[in-house]
Amino acid sequence: MPDITSLNALQDYFNSGLTQSYAFRKEQLKKLKTAILNHEQDLYDALHKDLKKSKEEVWVTETGMVITELNVAIKKLGKWMKPKRVSTNLLNLPSGSRIMNEPLGVVLIISPWNYPFNLLFNPLIGAIAAGNCVVLKPSEFAPATAVVMKKIIEDIFPKEYILYVQGDGAKVIPEMMSNFTFGHVFYTGSTVVGKIIYKMAADRLVPVTLELGGKSPCVVESDANIKVAARRIAMTKFSNAGQMCVAPDYLLVHESVKDSIIDSMKEIIGKFFTDKPEESYNYGKIINEKQFERISNYLKEGTIVHGGRTEKEKGYIEPTLLIDVTMNDSVMKDEIFGPVLPIISFSSTEEALAIIQQHPDPLSFYIYTSNTKKEKEWLKAVPAGGCCVNNSSWHLTNHNLPFGGRGFSGIGNYHGRYSFDTFSHKKAVMKTPTWFDPAIKYPPFKGKLKLFKWVIR
Ligand code: NAD
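Thresholds, definitions, all that
- Residues numbered from 1 in each chain as written.
- Predicted model: local features only at pLDDT ≥ 70, side-chain atom pairs only at ≥ 80, totals over all residues.
- Heavy atoms only, no water.
- Near = heavy atom within 4 Å.
- Polar contact = N/O pair within 3.5 Å; in protein donor to acceptor, adjacent residues only side chain to side chain.
- Areas by Shrake-Rupley, 256 points an atom, 1.4 Å probe, with all protein chains shown as cover.
- Nonpolar A, V, L, I, M, F, W, Y, C, P; charged D, E, K, R; others polar.
- Pairing = 2+ DSSP bridges.
- Helix = DSSP H or I, 4+ residues; strand = E, 2+ residues; numbered from the N terminus.
- Contact = heavy atoms within 4.5 Å.
- Axes fitted to C-alpha atoms, helices over the stretch in contact; angles between N-to-C directions.
- Phe/Tyr/Trp six-rings, centres within 6.5 Å; stacked < 30°, edge-to-face > 60°.
- Buried < 20%, exposed > 50% of the residue type's maximum accessible area, 1.4 Å probe, protein only.
- Right-handed = clockwise from strand over helix to strand, strands pointing away.
- Domains from an automatic or database assignment.
- Buried area = accessible area lost by both parts, 1.4 Å probe.
- Salt bridge = Lys/Arg side-chain N within 4 Å of Asp/Glu carboxyl O.
- Expected span 1.5 Å × (residues − 1).
- Patch = residues over 30% accessible without salt bridge, like charges linked within 9 Å, V, L, I, M, F, W, Y side chains within 5 Å.

With that settled, the discussion passes to the site of the ligand. The environment of the ligand is made up of 29 residues, and the closest members are Ser111, Ser139, Glu140, Leu212 and Glu335. Within the side chain of glutamate 140, an N or O atom sits 2.6 Å from an oxygen atom of the ligand. Contact distances for the ligand include 3.5 Å between a nitrogen atom and a backbone N or O atom of glutamate 211. Burial of the ligand by the surrounding chains reaches 91%, relative to a free accessible area of 850 Å². Here the shell around the ligand is composed, by residue class, of 17 nonpolar, eight polar and four charged.

Pasting the structure below:
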């Protein structure tokens, strides 16, 4: 745990105003990009060690995504920072009005282990672009990646500007948050811990962004292109061995296509990962024993129609399809966060919706259909952080879309411009000229009501 002196040093650095200029922010973003690219190989090695990710997967879901965000921020920073002029209402004319983006101060970014690099560095870009000082707290459960990230940060940034803090989150974070008032806390992780963070932040009225999880449903309608649906669902459900916050958690398939989607999924799993996924270059591992035990328990529920094999020493759980699950099974109560996919059939939209509504609003919702009317109905019917139509999870890779949950799946959002906004305060500024100062605005007010009613309405 950093002592209070090092947190105060960040505050002093922030108060010096150094982090606020366009030139400073841009230079830090560029330095960060160079440092990441210099450590590209180290990141491949570390992410393979922690999660058995392939280089290609690392580029698409971790480093490449962060580099894209950096490129966008470097290019757009000037535009983002510019105060926005807005019109002024009749009452206040001839004043002028604008919105200034003000940094929040010293912000805390807390990240989980499943995309340990992306989920720490992606919000960091927004925090730097917005002119803040930052405390970074990576997950303790992806230790190889944590070592590389520490080196990247400490090689290029002074500790008073960006402080990298490691350790048991349950200990380190409450200590920091109870001793120091952060300008903002940005947390990615489970809903259970998100609530703890929210409560701690409330104590000092610290604003939060919570990027949480939940059960993201995936509906396959009778008119969906089944082969394409199976390929796209399998792609993100089994990427990173299912340890993805936006992975389709369970499938709701129209009864008329249940058999064909199962057959297509089996076929595509074989194509992606061969009949020995444990040896596949493309298939990841479960992060640790605790997660392995938790996910393995789901294999005791329902009926396995594909997969089901495990190897504890390797952190291996085969891509698995389950049927015959009930809403009382833990696999349909918890967020699965592993390579196990329950498939439930429905005969009417109402029946499927009733299942979705048994859970809080999800982080993501996926609908596969060829019918635009059905698509619109589904998008309207399911409140969710984000959605894909005829796709799963990829919405989060478009930096022009805000990424975040709602309710139990999160508060706030980020990516691209939204990251800058998340780490900025929108300061309202009104400037009033002195050459016009009508007496009507000042007491005595008696007899002015008619005029006030004309101007203020
Ligand atoms: P985790 O256990 O690594 O925890 C996340 C962070 O919280 C870590 O830095 C940890 O040190 C800290 N932490 C743990 N206990 C704490 C406590 N009591 N007080 C304060 N801090 C504490 O990761 P996890 O929570 O297992 O991550 C998996 C969850 O994260 C899933 O629910 C997943 O859906 C969600 N997730 C969400 C997103 C998103 O973008 N919305 C992305 C990835 C993961």
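We now examine the sheet that holds strand E6 (residues 184–188). Overall, mixed pairing links the six strands, which are arranged E5-E4-E3-E6-E7-E17 in an open sheet. Taken across any chain shown, the strands that pair with only one partner, and hence form the sheet edges, are strand E5 (162–164) and strand E17 (410–411). With five bridges connecting them, strand E3 (residues 106–110) and strand E4 (residues 133–137) associate as parallel partners. Bridge assignment links valine 106 to a residue of E4, and that residue is cysteine 133. Each of E3, E6, strand E7 (208–211) and E17 touches helix H8 (residues 191–203); the most contacted strand, E7, lies at about 175° to it.

Inspection of the entire model under this criterion finds 16 aromatic pairs. Here the aromatic residues Tyr13, Phe24, Phe157 and Tyr161 are joined through ring pairs into a cluster of three or more.

To continue, consider the pairing of strand E16 (residues 386–389). Side chains Gly386 and Cys388 project from E16 onto a buried face, and the interleaved Cys387 and Val389 project onto a face without burial. Where strand E15 (residues 364–368) lies against E16, four bridges are found, and the strand directions are parallel. Note that in E16 the partner of tyrosine 366 across the bridge is cysteine 388. Regarding topology, helix H13 (residues 372–381) serves as the crossover connection from E15 to the parallel E16, and that connection is right-handed.

This part covers the domain arrangement of the chain. By the assigned domains, the chain splits into domain 1 (4–212 + 406–429) and domain 2 (217–397). In this complex, domain 1 contributes 20 residues to the contact, which on the side of domain 2 involves 26 residues. Roughly 1900 Å² of surface becomes buried between domain 1 and domain 2 when both sides are summed, with 55% attributable to carbon and sulfur atoms. Looking at the side of domain 1 facing domain 2, the largest losses of area belong to Lys52, Trp113 and Arg406, adding up to 31% of the total buried there. For the interface between domain 1 and domain 2, the tally reads one salt bridge. Arginine 406 is paired through a salt bridge with aspartate 361; the nearest N and O atoms lie 3.4 Å apart. Those elements that place two or more of their residues in the side of domain 1 that touches domain 2 are helix H3 (40–51) and helix H4 (55–81). Broken down by element, the side of domain 1 that touches domain 2 gets its largest block of residues, five residues, from H4. Grouping the constituent residues of the side of domain 1 that touches domain 2 by class yields eight nonpolar, four polar and eight charged.

With 12 residues, helix H5 (residues 118–129) extends 16 Å from end C-alpha to end C-alpha; this agrees with the ideal 16 Å at 1.5 Å per step. Burial runs high along H5: 12 of the 12 residues are buried. The complete set of buried residues in H5 reads Asn118, Leu119, Leu120, Phe121, Asn122, Pro123, Leu124, Ile125, Gly126, Ala127, Ile128 and Ala129. At the exit of H5 stands glycine 131, carrying a positive phi of roughly 90°.

Another aspect to go through is the sheet that holds strand E13 (residues 320–323). Overall, mixed pairing links the seven strands, which are arranged E10-E13-E14-E9-E8-E15-E16 in an open sheet. The open sheet has two edge strands, strand E10 (303–306) and E16, and neither has a second partner. The mean inter-strand angle of the sheet, taken between neighbouring strand axes irrespective of direction, is 25°. Two elements, E10 and E13, share three bridges in a ladder whose sense is antiparallel. From the neighbouring strand, threonine 303 faces E13, where its bridge partner is isoleucine 323.

Here we come to unusual backbone geometry. With omega at 10°, the peptide bond leading from leucine 93 into proline 94 counts as cis. Checked against the element boundaries, proline 94 lands in the loop between strand E1 (84–86) and strand E2 (96–103). Following proline 443, the chain continues into proline 444 via a peptide bond in cis, with omega recorded as 0°. One non-glycine residue, asparagine 240, adopts positive backbone phi at about 55°. Along the chain, asparagine 240 falls in the loop between helix H9 (226–237) and strand E9 (250–254). Despite not being glycine, histidine 415 has its phi angle at roughly 95°, a positive value. By the secondary structure assignment, histidine 415 is in the loop between E17 and helix H14 (417–422).

This brings us to a nonpolar patch on the surface. On the surface, Leu90, Leu93, Ile440, Leu451 and Trp454 cluster together into a nonpolar patch covering about 470 Å² of accessible area. With respect to the helices, strands and loops of the structure, isoleucine 440 is situated in the loop between strand E18 (424–431) and helix H15 (449–455). When its relative accessible area of 33% is taken as the criterion, isoleucine 440 is described as partly exposed.

Bringing the pattern of salt bridges into the picture now. Pairs can form between side chains of opposite charge once their charged atoms are near each other. For the structure on display, the rule yields 20 salt bridges. For lysine 151, the salt bridge is made with aspartate 155, and the minimal N-O distance between the two is 2.8 Å. Of this pair, lysine 151 and aspartate 155 are both found in helix H6 (residues 143–156), four residues apart, which corresponds to roughly one turn of the helix. Since its relative accessible area comes to 45%, lysine 151 is described here as partly exposed. The closest approach of N and O atoms between lysine 426 and aspartate 421, which form a salt bridge, is 2.8 Å. In this structure lysine 426 comes out as partly exposed when scored by relative accessible area, which is 38%.

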